[in-house]
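Structural overview
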Amino acid sequence: MEDEARRLDADDPLPTLRGEFLVPPAPGGAYGEAAYFAGNSLGLQPRGVADRLREELDDWARLAVEGHTQARRPWVDYHELLRDPAARLVGALPHEVVAMNTLTVNLHLMMASFYRPEGRRTRIVIEDSAFPSDSYAVASQAVHHGLDPAETVVRLTPRPGEDTLRTEDVLARLEREGDTVALLLLGGVNYLTGQLMDMAAITKAGRAAGAAVGWDLAHAAGNVPLRLHDWDVDFAAWCTYKYLNSGPGAVAGCFVHERHVRDASVPRLAGWWGTEPSVRFRMEPGISPPASADAWQLSNPPIMALAPVLVSLEIFDRVGMGALRAKSERLTGYLASRLASLGGAQVITPADPAARGAQLSLRVADADAGGLVRRLAERHGVVADARKPDVVRFAPVPLYCTFHDCHRAAEALSDLVGGPA
Ligand SMILES: Cc1ncc(COP(=O)(O)O)c(C=O)c1O
């Protein structure tokens with residue numbers, strides 16, 4: 001089986017770009033490099049990041065304040081450099097995207113604009129397995145509007161005995177109760193189960209019901225192809241430290257549909273980077289927002305934090321999301337086939353490749369996900385992560401994970417939780 005994995009690596013139409021990343025040593029040191037499956041939590045560091053940061057540091061040292069206009073990548077409009085590649089990544093028009101802040105901050109900025117409860121239409125619909133930050137964010141938005149979160153936030157649950165949501169159930173719910181929904185805010189790929197939602201169908205149904213539709217793309221950006229503009233999504237936000245490999249706490253991305261960026265009646269929280277650059281330094285009190293997602297920017301951008309995002313986007317541009325997704329399906333499919341019949345763990349991610357990205361989540365029978373992850377690392381050099389109590393997540397990230405890594409994970413799991421029952 002190991003030979004087969006090596007052959008799959010050698011024959012793959014998209015050879016691994018592992019050499020462009022810093023792969024950590026295996027915990028315990030006995031296995032050389034780690035088989036790293038935690039890129040859905042924190043992606044690996046591209047080798048190009050250190051040089052790029054050094055350039056920005058040098059420009060700061062050499063130029064100080066003049067760097068705003070004289071740096072080799074002038075800081076005053078540095079965020080412009082990220083616009084086109086970010087737009088290509090999420091299927092947006094360039095003026096619909098901006099790199100700024102962090103994910104939860106962007107979700108709040110978006111809700112300040114697009115969560116406008118009125119009359120009967122006050123509810124926010126999320127998944128029951130939403131990432132906790134999203135649960136906290138929507139509850140606090142309800143409170144901010146003087147509403148009771150317990151009545152305002154609706155959590156979508158799978159059918160009894162099932163782990164993932166069925167699109168038809170989401171659509172039926174929207175059809176039944178849509179006139180009470182002000183905002184639908186779901187994860188494009190669910191962080192826990194790895195389920196890839198039918199964003200086109202759900203966005204259409206949500207908007208037809210009269211709700212605003214936003215997507216948390218933390219686990220989708222850089223993982224699956226997106227067409228936010230064509231899907232008519234109202235807004236989206238994503239972090240860049242997972243599949244986008246831009247480093248811990250890296251600057252996030254944000255999408256606002258064209259129809260809103262041109263609509264002066266949309267309320268916004270504002271700051272000086274949200275005004276037209278041509279008038280910004282007149283230092284006048286009145287704001288002149290541009291007809292672009294830039295109008296949601298507040299502060300001048302953090303250059304040291306944007307530099308790694310730019311390096312990462314250059315990699316995605318070079319490889320292309322289409323080729324990456326095709327490899328991702330091959331890798332995840334291979335791992336899924338190797339994990340199909342483990343004794344003490346069961347894959348809860350959808351089996352249909354169209355309904356998942358680069359993640360397989362396993363439910364472990366003894367509910368000791370933390371212990372299993374520790375043993376995987378210590379005994380086998382395989383890095384996965386635990387979502388307690390009973391889920392272990394593996395992300396075969398196509399940029400740097402190999403079929404051989406998947407083989408190592410499958411062998412390690414078979415050793416620790418038992419082979420076919
Ligand atoms: C789905 C999802 N939403 C929100 C967050 C919170 O992100 P941040 O801390 O960047 O705001 C995360 C973090 O992992 C996440 O996975």
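Every residue gets a number counted from 1 within its own chain, in the order that chain's sequence is written. Totals for whole chains, interfaces and linings use every residue, but because this is a predicted model, local features are given only for residues with pLDDT of at least 70 and side-chain atom pairs only at 80 or more, for both listing and counting. Water and hydrogen atoms were dropped before computing side-chain values, which therefore reflect all heavy atoms in the structure.

All right, on to the overall build of the protein chain then. Looking only at helices and strands, one finds 16 helices and 15 strands in the protein chain. Projecting the C-alpha coordinates of the protein chain onto the three principal axes gives extents of approximately 70 × 60 × 35 Å. Across the 421 residues in the protein chain, those meeting the buried criterion constitute 55%. Restricting to contacts in the protein chain with at least 6 residues of sequence separation, those with at least 24 account for 71%. Residue exposure ignores everything except the shown protein chains as possible cover, and the areas themselves are Shrake-Rupley values with a 1.4 Å probe. Of the roughly 17,400 Å² that the protein chain leaves accessible, carbon and sulfur atoms contribute 53%. Under the convention used here, Asp and Glu are negative, Lys and Arg are positive, and both His and the chain ends fall outside the count. Charged side chains are reduced to one point each, which is NZ for Lys, CZ for Arg, CG for Asp and CD for Glu. Measuring between centres, the 43 positive side-chain charges of the protein chain sit 1 Å from its 53 negative side-chain charges. Starting at the N terminus, helices and strands are each numbered in turn, a helix being any DSSP run of H or I of at least four residues and a strand any DSSP run of E of at least two. Categorising residues by exposure relies on relative accessible area from a 1.4 Å probe, with only protein chains included: less than 20% of the type maximum marks a residue as buried, more than 50% marks it as exposed, and the intermediate range marks it as partly exposed. When checking whether two residues touch, look at their non-hydrogen atoms; a contact exists if any pair is within 4.5 Å.

A word on the pattern of salt bridges. Whenever a carboxyl oxygen of Asp or Glu lies within 4 Å of a side-chain nitrogen of Lys or Arg, that contact is scored as a salt bridge. One pass over the structure, following the stated rule, counts 37 salt bridges. Across the pair Asp 405 and Arg 18 runs a salt bridge, and its minimum N-O distance is 2.8 Å. With a gap of 387 residues between them, Asp 405 in helix α16 (residues 403–417) and Arg 18 in the loop between α1 (2–11) and β1 (21–22) connect regions that are remote in the sequence. For Asp 405, a relative accessible area of 3% gives the class buried. In this structure Arg 18 comes out as buried when scored by relative accessible area, which is 15%. Across the pair Glu 55 and Arg 73 runs a salt bridge whose closest N-O atoms are separated by 2.4 Å. Placement of Glu 55 in helix α2 (residues 48–63) and of Arg 73 in the loop between α3 (67–70) and α4 (80–90) is noted, with a sequence separation of 18 residues between them. When its relative accessible area of 25% is taken as the criterion, Glu 55 is described as partly exposed. Overall, the relative accessible area of 17% leaves Arg 73 in the buried class. Sharing partners across several salt bridges, the network here consists of Arg 159, Glu 162, Arg 166, Glu 168 and Asp 169.

UniProt positions are given in the numbering used here, feature names are shortened, and annotations may be inferred rather than shown by experiment. Those places that UniProt annotates as "binding site: pyridoxal 5'-phosphate" (unreviewed entry) correspond, in this numbering, to Leu 103, Thr 104, Phe 131, Pro 132, Ser 133, Asp 134, Asp 216, His 219, Tyr 241, Trp 272 and Asn 300. Spanning 198 residues, the named residues are also spread out in space, since their farthest C-alpha pair is 31.0 Å apart. If you trace the backbone, Phe 131 turns up in the loop between β5 (123–127) and α6 (132–144). Since its relative accessible area comes to 37%, Phe 131 is described here as partly exposed. Its location among the elements puts Asp 216 in strand β8 (residues 212–216). Look at Asp 216 and you get buried, because its relative accessible area is 7%. In this structure, Asp 216 is in contact with Leu 103, Leu 107, Asp 134, Leu 185, Leu 186, Gly 187, Gly 188 and Ala 237, ignoring residues within four places of it in sequence.

Tracing the backbone through its elements, the reader meets Ser 292 in the loop between α12 (277–280) and α13 (303–319). The class of Ser 292 is buried, set by a relative accessible area of 8%. Sequence-distant contacts of Ser 292, defined by excluding residues within four places in its chain, comprise His 95 and Val 261.

Our focus in this paragraph is the site of the ligand. In the region of the ligand, the neighbouring residues are Leu 103, Thr 104, Phe 131, Ser 133, Asp 134, Asp 216, Ala 218, His 219, Tyr 241 and Lys 242. In the environment of the ligand, an oxygen atom lies 2.7 Å from a nitrogen or oxygen atom belonging to the side chain of Tyr 241. Lys 242 is positioned such that a nitrogen or oxygen atom in its side chain is 2.8 Å from an oxygen atom of the ligand. Only α5 (103–114) and α6 provide two or more residues apiece to the shell around the ligand. When residue character is reported, Ala, Val, Leu, Ile, Met, Phe, Trp, Tyr, Cys and Pro are called nonpolar, Asp, Glu, Lys and Arg charged, and the others, Gly included, polar. Within the shell around the ligand, the residues separate by chemical class into four nonpolar, three polar and three charged. We call a residue near a molecule or strand as soon as one heavy atom of that residue lies within 4 Å of the molecule or strand. Polar contact is the term for a pair of N or O atoms within 3.5 Å; when the atoms are in protein, one must be able to donate a hydrogen and the other to accept it, and sequence-neighboring residues count only if both atoms are side-chain atoms.

This brings us to the sheet that holds strand β10 (residues 253–256). One open sheet accounts for seven strands, arranged β4-β10-β9-β8-β7-β5-β6; its pairing is mixed. Bordering the open sheet on either side are β4 (97–99) and β6 (153–156), each of which pairs with just one other strand. The sheet shows a mean angle of 15° between the axes of neighbouring strands, taken without regard to direction. By the bridge criterion, three bridges tie β4 to β10 in an arrangement that is antiparallel. The partner of Val 97 across the bridge, within β10, is Phe 255. Relative to β4, α4 is tilted by about 120°, and along the sheet it contacts β4 and β9 (235–238). The strands touched by helix α8 (residues 167–177) within the sheet are β5, β6 and β7 (181–187), with β6 carrying the most contacts at an inclination of about 150°. Note on pairing: DSSP must find at least two bridges between two strands before they are called paired. To get an axis, fit a line to the C-alpha atoms, keeping to the stretch in contact for a helix; angles then go from 0 to 180 degrees between the N-to-C directions.

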